[in-house]
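# Coordinates in review
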Amino acid sequence: MTQTATRTPILAATGLVKTFGHVEALRGADFELFPGEVLAVIGDNGAGKSTLIQCLSGAIAPDEGHIFFDGVEVRFKDPLQARHAGIETLYQSLAVSPALDIASNIYLGRELRRRDVVGRVFRMLDIRTMRRLAEQYVRNLGIETLQDITQRVEVLSGGQRQAVAIARAAAFGSKVIILDEPTAALGVREASHVEDLIRTLRDRGLAVVLISHNMPSVFRLADRIHIQRLGRRIAVVTPQSHSMSEVVAIMTGAAAA
Amino acid sequence: MAERSTVTAPERTTPVGRRRSASAREMLRAHPTLGPLVVLVVSVVVFGLINTRFFSPANLSIMLQEVAVIGLLALGQTIIILTAGIDLSVGAAMILAQMVMAGTEVNSGVPAGLALIIGMLVALLTGLANGFLVTRLHVPPFIATLGTLGVFTAAGLKYANGQTVNPPQSSVLLWSGKLLGTGTFRITTGVLTMLAFYLVFAYVLGRTAWGRHVYAVGDDIEAARLSGIHSARVLLSVYVIAGLIYGVAGWVQIGRVSSASTNISPTLNLDSITAVVIGGVSLFGGRGAVLGTLLGALIVQVFQNGLALAGVQELYQQLAEGLLVIAAVSVDRWIRRETRQ
């Protein structure tokens, strides 16, 4: 995907600084993410990747710097605010409840109540509608490994659980999805299913941030690669402009950006 | 993983196929109350065959009346255990609440209705105390409620001052002891109250968002938090509601024996946990149903009553109860063992 300078980034940050005691995790980091792209964020351990992502997803507040969502400056107090704005973060530890079924997991924390008196007075859930819509979300994303929306998540494989988490993230009109090492725990085949799913999200116009250590996966998926080093963004490259070894060299400081 | 070549036709008229594994474990995992149901039916049949008096209306009535109080305590315990917690202060909270109810009416001359409300408020406060310790001070539920067990017991003893309080016959506090029924089959309004509470909580846990959140918090509290559930708020509400249920249990207890005394069964705490565990509710949280607990409470009652009618010494009744608990927890562990496909 070609990016043009005139487009507004859906999510951007300038000059982020965050210190933990004596450790400077971010020292003026910039960030830009456009709609309809997969942006990989890579960096060595201690480069400030996860701090950057935590700032963007509202998990922590930066000491200095500005964050813009859809062109407007924002200050998220907690991840829920970011989520309400449309930024979904999928953590490595998947936020799924094993004993609940797929549909319940997709709607966990935003259950639908029946609209009639029973729903208003007795707060009865509209389980049928939730199942129907959850099934639609799953189908629309072309997830074929989830056969039965009433299956409990604990009987699913790692890749299927990942698919549930992604379907949930995509289901609620979010604009940005942040994925933290989505394929790290998966086998080759399952990883490729998840990669297909990430492409589907992008093709639907969502902006995807992919944090990954897996270079081949990054090169297969990313439109642009944000390279983080020593608390700053030192380069943004594309899989076309740089080779894998060049990217690794920049990331580790062996080559200049 | 369940790899399947799916039909690529854009419209499928049938709902996605439901995979039904035939394995017993999968069956029990999906229907945690199935085990206790089978145990109850079998034990009722066996005890009925051993002694025909078991099925007499009078005996069935007694069993139901006996189960009303422990059934309510076990209901509150269930909600807490569903969140992967435990409450060791149930019995003490109930005794404190009933002493306050009866004491404020008889000794302080407060109208019975108001005395009932004050007692319920005390019950609510016991739940609030437990919930505060667990959610704000992050004390593990086992320790928090072990501590409040001592506190509530002492408070109950202090308030009662060794007295047994007898509310007057007309008092609303004795309402739950009222007998209903025909012939020799008689249940109390307390039994109906207990059953009504089970119905309400079966609905609330299964059909409302709050119920889902209780299960989710017990299942994986971190996952629940990341899903946007206010875990601490859910936990606090669970302890408060459980406290209120213990208050109702205290009310039913007064009606059953027509008096309030601190000198009642010291095993109430453990009995409530026994009923929950035998009922297939997992001690590790997130799994089980209140219907199971009701079955569990009935199973304990049926064993006690049936073994007594069969002329078995009391020590064997305790043995049977102990073995049931061990069997139930072992089955639960077996069910929960991760299956990797």
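Predicted, not measured: the structure shown is a model, and the values here were computed from it.

Rules of the game
- Residues numbered from 1 in each chain as written.
- Chains lettered and ligands numbered in written order.
- Predicted model: local features only at pLDDT ≥ 70, side-chain atom pairs only at ≥ 80, totals over all residues.
- Heavy atoms only, no water.
- Helix = DSSP H or I, 4+ residues; strand = E, 2+ residues; numbered from the N terminus.
- Rg over C-alpha atoms; globule rule 2.2 N^0.38 Å.
- Buried < 20%, exposed > 50% of the residue type's maximum accessible area, 1.4 Å probe, protein only.
- Contact = heavy atoms within 4.5 Å.
- Areas by Shrake-Rupley, 256 points an atom, 1.4 Å probe, with all protein chains shown as cover.
- Lys, Arg positive; Asp, Glu negative; His and termini not counted.
- Charge placed at Lys NZ, Arg CZ, Asp CG, Glu CD.
- Expected span 1.5 Å × (residues − 1).
- 1 Å grid on protein atoms, 1.4 Å probe; cavity = no way out; pocket = protein on both sides within 12 Å on 5 of 7 lines; lining within 4 Å.
- Points joined across faces, edges and corners; volume = space filled by probe spheres on them.
- Nonpolar A, V, L, I, M, F, W, Y, C, P; charged D, E, K, R; others polar.
- Pairing = 2+ DSSP bridges.
- Axes fitted to C-alpha atoms, helices over the stretch in contact; angles between N-to-C directions.
- Patch = residues over 30% accessible without salt bridge, like charges linked within 9 Å, V, L, I, M, F, W, Y side chains within 5 Å.
- Salt bridge = Lys/Arg side-chain N within 4 Å of Asp/Glu carboxyl O.
- Phe/Tyr/Trp six-rings, centres within 6.5 Å; stacked < 30°, edge-to-face > 60°.
- Lys NZ or Arg CZ within 6 Å of the ring centre and 35° of its normal.
- Parallel < 35°, antiparallel > 145°, perpendicular 65-115°, else oblique.
- Left-handed = near helix turned anticlockwise from the far one by under 90°.

### Focus on the overall build of chain B
- The secondary structure content of chain B amounts to 13 helices and two strands.
- Here the C-alpha radius of gyration of chain B, 22 Å, is about what a compact globule of 341 residues would show, namely 20 Å.
- Considered along the principal axes of its C-alpha atoms, chain B spans approximately 75 × 55 × 40 Å.
- Counting only residues that meet the buried cut, chain B has 50% of its 341 residues in that class.
- Partitioning the contacts of chain B with sequence separation of at least 6, the portion at a separation of at least 24 is 76%.
- Within the structure as shown, chain B displays about 15,500 Å² of accessible surface, and the carbon and sulfur contribution to it stands at 66%.
- Of the side chains in chain B, 22 bear a positive and 14 a negative charge, and the two mean positions are spaced by 5 Å.

### Looking at helix H10 (residues 231–257) of chain B
Residue and element names in this part refer to chain B.
- Spanning 27 residues, H10 covers 39 Å between terminal C-alpha atoms, matching the ideal 39 Å at 1.5 Å per step.
- With 19 of 27 residues buried, H10 is to be regarded as a mostly interior element.
- Where H10 ends, the next residue or the one after it, Ser-258, has phi of about 60 degrees, a positive value.

### Quick notes on the layout of surface pockets
All names here are of chain B.
- Approximately 650 Å³ is the volume found for the second largest pocket.
- Forming the boundary of the second largest pocket are 22 residues, of which Ser-265, Thr-267, Asp-271, Gln-304 and Glu-321 lie nearest the centre.
- Secondary structure elements with two or more residues in the lining of the second largest pocket: helix H3 (57–82), H10, helix H11 (268–278), helix H12 (290–309) and helix H13 (314–336).
- Tallying contributions element by element places H11 first for the lining of the second largest pocket, with five residues.
- Here the residues of the lining of the second largest pocket sort into nine nonpolar, eight polar and five charged.

### Thoughts on the sheet that holds strand E4 (residues 64–69) of chain A
Residue and element names in this part refer to chain A.
- Across the sheet, four strands lie side by side as E2-E1-E4-E5; this open sheet has antiparallel pairing. In the strand order of this sheet, the two ends are held by strand E2 (23–33) and strand E5 (72–74), each with one partner. Sheet twist, expressed as the average angle between the axes of neighbouring strands with direction ignored, equals 30 degrees.
- Each of strand E1 (11–20), E2 and E4 touches helix H1 (residues 49–56); the most contacted strand, E2, lies at about 60 degrees to it.

### Quick notes on a nonpolar patch on the surface
All names here are of chain B.
- Residues Met-27, Leu-34, Leu-37, Val-38, Val-41, Val-42, Val-45, Val-46, Leu-49 and Ile-50 make up a contiguous nonpolar surface patch of about 870 Å² in total accessible area.
- Broken down by element, the nonpolar patch gets its largest block of residues, nine residues, from helix H2 (residues 34–50).
- For Ile-50, a relative accessible area of 51% translates into the label exposed.

### Concerning the packing of aromatic side chains
Residues and elements named next belong to chain B.
- Counted by the stated rule, this structure contains five aromatic pairs over all chains.
- With a centroid separation of 5.4 Å and an interplanar angle of 85 degrees, the aromatic rings of Phe-47 and Phe-303 are classed as edge-to-face. Of this pair, Phe-47 sits in helix H2 while Phe-303 sits in helix H12; the two residues are 256 residues apart in sequence, bridging distant segments of the chain. Comparing Phe-47 with Phe-303, the two get one shared label, buried.
- Here the aromatic rings of Trp-175 and Trp-251 are separated by 5.4 Å at their centres, their planes lie at 25 degrees, and the arrangement is stacked. Of the two residues, Trp-175 sits in the loop between helix H6 (141–160) and strand E1 (179–182) while Trp-251 sits in helix H10, which places them 76 residues apart along the sequence.
- Each residue in the set Phe-47, Phe-54, Phe-55 and Phe-303 is aromatic and connected to the rest through ring pairs, giving one cluster.
- Over the aromatic face of Phe-284 sits the side chain of Arg-333, whose NZ or CZ is 4.5 Å from the ring centroid.

### Looking at the packing of helix H4 (residues 90–106) of chain B against H6(B)
Residues and elements named next belong to chain B.
- The N-to-C vectors of H4 and H6 enclose an angle of 25 degrees; their axes lie 8 Å apart at closest approach. Classified by the angle their axes make, H4 and H6 are roughly parallel. For the pair H4 and H6, the sense of crossing is left-handed. Counted together, Ala-92, Ala-93, Leu-96, Met-99, Val-100, Gly-103 and Thr-104 of H4 and Leu-149, Phe-152, Thr-153, Ala-155, Gly-156, Tyr-159 and Ala-160 of H6 form the full contact between these two elements.
- For the contact of H4 with H6, the residue count by class is ten nonpolar, four polar and no charged.

### Some words on unusual backbone geometry
Residues and elements named next belong to chain A.
- Positive phi, close to 55 degrees, is recorded for Asp-70, a residue that is not glycine.
- Among the structural elements, Asp-70 can be located in the loop between E4 and E5.
- With a phi angle near 55 degrees, Arg-123 is a residue other than glycine that sits in the positive phi range.
- Judged by its relative accessible area of 48%, Arg-123 falls in the partly exposed class.

### As for the side chain of A:Thr51
All names here are of chain A.
- Mapped onto the secondary structure, Thr-51 falls in helix H1.
- On the basis of relative accessibility, which here comes to 8%, the residue Thr-51 falls in the buried class.
- The contact partners of Thr-51, leaving out residues within four places of it in the chain, are Lys-18, Phe-20, Ala-25, Leu-26 and Ile-60.

### Some words on the pairing of strand E8 (residues 207–211) of chain A
Residues and elements named next belong to chain A.
- A large share of E8 lies buried, amounting to five of its five residues.
- Burial along E8 is two-sided: the face carrying Ala-207, Val-209 and Ile-211 and the face carrying Val-208 and Leu-210 are both buried.
- Where strand E3 (residues 38–43) meets E8, four bridges bridge the pair, whose relative direction is parallel. What sits directly across from Val-38, in E8, is Val-208.
- Direction of pairing for strand E7 (residues 176–180) relative to E8: parallel, over a ladder of five bridges.

### A word on the packing of helix H7 (residues 189–207) of chain B against H10(B)
All names here are of chain B.
- Across the interface, H7 lies against H10 with an axial gap of 10 Å and an inter-helix angle of 165 degrees. Judged by the angle between their axes, H7 and H10 are roughly antiparallel. H10 is crossed by H7, and the crossing has left-handed handedness. Residues Gly-190, Thr-193, Phe-197 and Phe-201 of H7 touch H10, and the partners they reach there are Ile-241, Ile-245, Val-248 and Val-252.
- Partitioning the contact of H7 with H10 into residue classes produces six nonpolar, two polar and no charged.

### Section: the environment of B:Gln65
Residue and element names in this part refer to chain B.
- Mapping Gln-65 onto the fold places it in helix H3.
- Gln-65 gets classed as partly exposed once you look at its relative accessible area, which sits at 22%.
- Sequence separation of Gln-65 and Leu-291 is 226 residues, and the distance between their C-alpha atoms is 18 Å.
- When residues no more than four places from it in sequence are discounted, the contact partners of Gln-65 are Leu-179, Arg-186, Ile-187, Thr-188, Val-191 and Arg-256.

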